[in-house]
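If you want the building blocks of each chain, they are given just below.
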Amino acid sequence: MSPAFRAMDVEPRAKGILLEPFVHQVGGHSCVLRFNETTLCKPLVPREHQFYETLPAEMRKFTPQYKGVVSVRFEEDEDRNLCLIAYPLKGDHGTMDSVDNSDCEPKSKLLRWTNKKHHVLETEKIPKDWVRQHRKEEKMKSHKLEEEFEWLKKSEVLYYSVEKKGNVSSQLKHYNPWSMKCHQQQLQRMKENAKHRNQYKFILLENLTSRYEVPCVLDLKMGTRQHGDDASEEKAANQIRKCQQSTSAVIGVRVCGMQVRGVQVYQAGSGQLMFMNKYHGRKLSVQGFKEALFQFFHNGRYLRRELLGPVLRKLTELKSVLERQESYRFYSSSLLVIYDGKERPEVALDSDAEDLEDLSEESADESAGAYAYKPIGTSSVDVRMIDFAHTTCRLYGEDSVVHEGQDAGYIFGLQSLIDIVTEISEESGE
């Protein structure tokens, strides 16, 4: 058994941190959890852990920052709600101390809150009939939500209308069916194993969406091959089939998910959220892939052209970096593209300084054509590699296969992506 999965010692009397679903998770099978505003938590896979601890310095700007390891347990609160709680490992005082936990929910605080709720019910002497009716209604509501969630999990593309007033981020919290699906599966796995084992190592990683108010995230599965060298014949055949039946074989990249906080796209003009999962992404043709990228950078009124140049520069730089990495293979790795979908003030492209002062939001809405207006100010966009559970390199001494040269399949996918984004830019009059 790998050392990563042996029983581990937890720091005695340590305060636990309640882990929450990460509502911006776009794809993947592994459950990603929110540790705090700037940090995420996911199950430790020895190979991925090794990658983060040994990755070349020039690749660090293209991967999430690695922040350490914690122990995670499956627990129940006093209302029998299922929870995942993170604790520092014994002797590893720095891991959780060095991470900003100011907005975390300690387990002790969670239990105090549930105790307080019971206390209120007792002191206010609410009639038992009301309590029974309330519980019945809540149970019916819960069943209805479960039925709706089961339907959502089967839908490959979803659209939601959101209110322009209020916090868009809070409206997104329960919309992402993919992140909730992964969270439920992780809870179920740990619940089933709880009698035999209830300590797991999780790694802490940078939350790449934390600096965006309304994160728009595109998850792209990169490369012409997805199976690792250690895959069984059945697993390898299955992954090869998926590549052959999707754009992976043709252009070395396919859509794995899209959303405004994971797999959603924020349609600013129409006030919509759009979610696309990996099953729809596998069905796309090359033209369909291009249209999906166009849709990702389009806010419902105009193409966010100011994002295309920065994306192209980052993709080109990443390609140059990977061309210098000897023997690395990033099988089944993904590439995230992230930007802020928050609506911004707009100005007419041909406006002068005086016109800009008088331009109101109403006039922009009334007269804006497809490309008549552009947003004021600059927008940041991020490009990062994630998911390294099947990454290999000659530095990993235990690997039975050692590759030579660069990862041609991944680099081919990057070049295809560069070409397609360039085409979108040129066709839109950039």
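Residues numbered from 1 in each chain as written. Predicted model: local features only at pLDDT ≥ 70, side-chain atom pairs only at ≥ 80, totals over all residues. Heavy atoms only, no water.

As recorded by an unreviewed UniProt entry, the chain carries the name Kinase and is attributed to Tursiops truncatus. Recorded in UniProt for the chain, the comment headed Sequence similarities (unreviewed entry) runs: "Belongs to the inositol phosphokinase (IPK) family." (UniProt positions renumbered as here; feature names shortened; annotations may be inferred.)

What follows deals with unusual backbone geometry. Despite not being glycine, Ser 327 has its phi angle at roughly 75°, a positive value. Positionally, Ser 327 belongs in the loop between α11 (308-322) and β13 (329-331). A relative accessible area of 1% means that Ser 327 is categorised as buried. Notably, Ser 332 is not glycine yet its phi reads approximately 65°, a positive angle. By secondary structure assignment, the location of Ser 332 is in the loop between β13 and β14 (334-340). (Helix = DSSP H or I, 4+ residues; strand = E, 2+ residues; numbered from the N terminus. Buried < 20%, exposed > 50% of the residue type's maximum accessible area, 1.4 Å probe, protein only.)

Within the largest apolar cluster, 54 residues are counted, with the highest numbers of intra-cluster contacts made by Phe 51, Phe 289, Phe 297, Leu 322, Phe 330, Leu 335 and Met 385. Of all the elements, helix α14 (residues 408-427) adds the most residues to this core, at eight residues. When sequence neighbours within four positions are dropped, the list of residues in contact with Leu 335 reads Leu 218, Asp 219, Leu 220, Met 222, Leu 315, Leu 318, Val 383, Arg 384, Met 385, Tyr 410, Leu 414 and Leu 417. If you look at the next biggest cluster of nonpolar residues, it comprises 17 residues, including Cys 31, Cys 182, Tyr 200 and Leu 204. (Core = buried A, V, L, I, M, F, W, Y, C linked by side-chain atoms within 4.5 Å. Contact = heavy atoms within 4.5 Å.)

We now examine the pattern of salt bridges. Using the criterion set out here, one finds 17 salt bridges in the structure. Across the pair Glu 58 and Arg 324 runs a salt bridge, and its minimum N-O distance is 2.8 Å. Separated by 266 residues along the polypeptide, Glu 58 in the loop between α1 (46-54) and β4 (66-76) and Arg 324 in the loop between α11 and β13 bring together distant segments of the chain. In this structure, Arg 211 engages Asp 382 in a salt bridge whose closest nitrogen and oxygen atoms are separated by 3.9 Å. With Arg 211 in the loop between β8 (200-206) and β9 (215-222) and Asp 382 in strand β17 (residues 381-386), this residue pair connects regions lying 171 residues apart in the sequence. For Arg 211, a relative accessible area of 51% translates into the label exposed. (Salt bridge = Lys/Arg side-chain N within 4 Å of Asp/Glu carboxyl O.)

The final tally for this structure, using the stated rule, is twelve aromatic pairs. Ring centres of Phe 330 and Phe 388 lie 6.4 Å apart, and the angle between their planes is 70°; on these two criteria the pair is classed as edge-to-face. Of this pair, Phe 330 sits in strand β13 while Phe 388 sits in the loop between β17 and β18 (390-392); the two residues are 58 residues apart in sequence, bridging distant segments of the chain. In terms of burial, Phe 330 and Phe 388 fall into one category: buried. Centroid distance Phe 330 to Tyr 410: 5.7 Å. Interplanar angle 65°. Geometry classified as edge-to-face. Taken together, the positions of Phe 330 in strand β13 and Tyr 410 in helix α14 put the pair 80 residues apart, joining distant regions of the chain. (Phe/Tyr/Trp six-rings, centres within 6.5 Å; stacked < 30°, edge-to-face > 60°.)

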